[in-house]
Structures are given as C-alpha cells and as structure tokens.
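# Residue-level structural notes
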Amino acid sequence: MSDAPTTAPCDACGEATTDALARTVRLSVDRANIDTQRLCPDCFADWIQRYQDRLGSGDDGGDESSEIIVD
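Values in this document were obtained by computation on a predicted structure and should not be read as measured data.

Scanning the chain for helices and strands turns up one helix and four strands. For the chain, the N- to C-terminal ordering of α and β elements is β-β-β-β-α. Burial status across the chain gives 14% buried among its 71 residues. Of the contacts formed within the chain by residues at least 6 apart in sequence, a portion of 29% connects residues at least 24 apart. With the model as given, the accessible surface of the chain reaches about 5,900 Å², and the carbon-plus-sulfur share is 48%.

A few words now on a nonpolar patch on the surface. The grouping of Leu27, Val29 and Ile34 at the surface amounts to a nonpolar patch, some 270 Å² of accessible area in total. Relative to the helices and strands, Leu27 is located in strand β3 (residues 23-29). According to the relative accessible area criterion, Leu27 is partly exposed, its value standing at 47%.

Under the criterion given, the structure shown has zero disulfides. Free of any disulfide, Cys10 has its nearest cysteine sulfur in Cys43, 3.7 Å distant. Not engaged in a disulfide, the cysteine Cys13 finds its nearest cysteine sulfur in Cys10; these two sulfurs lie 3.8 Å apart.

Moving on to the pairing of strand β4 (residues 32-39). Relative to β4, β3 runs antiparallel, the two sharing seven bridges. In the sheet register, Ser28 faces β4, and the bridge partner there is Asn33. Connecting the antiparallel pair β3 and β4 is a turn made up of two residues, with Asp30 showing a positive phi of about 50 degrees.

Attention now goes to the nonpolar core. Ranked by size, the top nonpolar core spans seven residues in total: Cys10, Val25, Leu39, Cys40, Cys43, Phe44 and Ile48. Leave out the neighbours within four places in its chain, and Cys40 touches Cys10, Cys13 and Thr17.

Cut-offs used in this document
Residues numbered from 1 in each chain as written. Predicted model: local features only at pLDDT ≥ 70, side-chain atom pairs only at ≥ 80, totals over all residues. Heavy atoms only, no water. Helix = DSSP H or I, 4+ residues; strand = E, 2+ residues; numbered from the N terminus. Buried < 20%, exposed > 50% of the residue type's maximum accessible area, 1.4 Å probe, protein only. Contact = heavy atoms within 4.5 Å. Areas by Shrake-Rupley, 256 points an atom, 1.4 Å probe, with all protein chains shown as cover. Patch = residues over 30% accessible without salt bridge, like charges linked within 9 Å, V, L, I, M, F, W, Y side chains within 5 Å. Salt bridge = Lys/Arg side-chain N within 4 Å of Asp/Glu carboxyl O. Disulfide = S-S within 2.5 Å. Pairing = 2+ DSSP bridges. Core = buried A, V, L, I, M, F, W, Y, C linked by side-chain atoms within 4.5 Å.

What follows is the structure, given as structure tokens:
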C-alpha cells in the first residue's frame, strides 16, 4: 500500500478532493502535454459546461469525429 496522500486540492477552487472523486483534465496538442488540472466533481462539471458552451455549440453538420474523451 502506498503512503501517498488520498486528498489533494482542486486546482480550480482549492478544496481538498479525494483521489477517488478527483478528475484530471489534460490538454495535449500533437501529443505534447500543454496543461494538466486536477478538479473536484463540481469544478469538473463547470469545466465540461464551459467547454461545451465555447467549443461545442456550433453545428458541425453531424460530423461525429470530434468528442470529449475523459479517462
């Protein structure tokens, strides 16, 4: 068993978030890591909503090739 802490702060709001609830958002361009953020569930939901509002609101004519991948 690891001695690593099971809680760490959310990068957006600063609240402690357990590893089991945290979500990591990674932005990569051409396989190069540009940004990584650890987010609590509420901030992750806000991030998804902002992403959809800013980048996903346009009609792409039914092309399903772009998607949000969460792992």
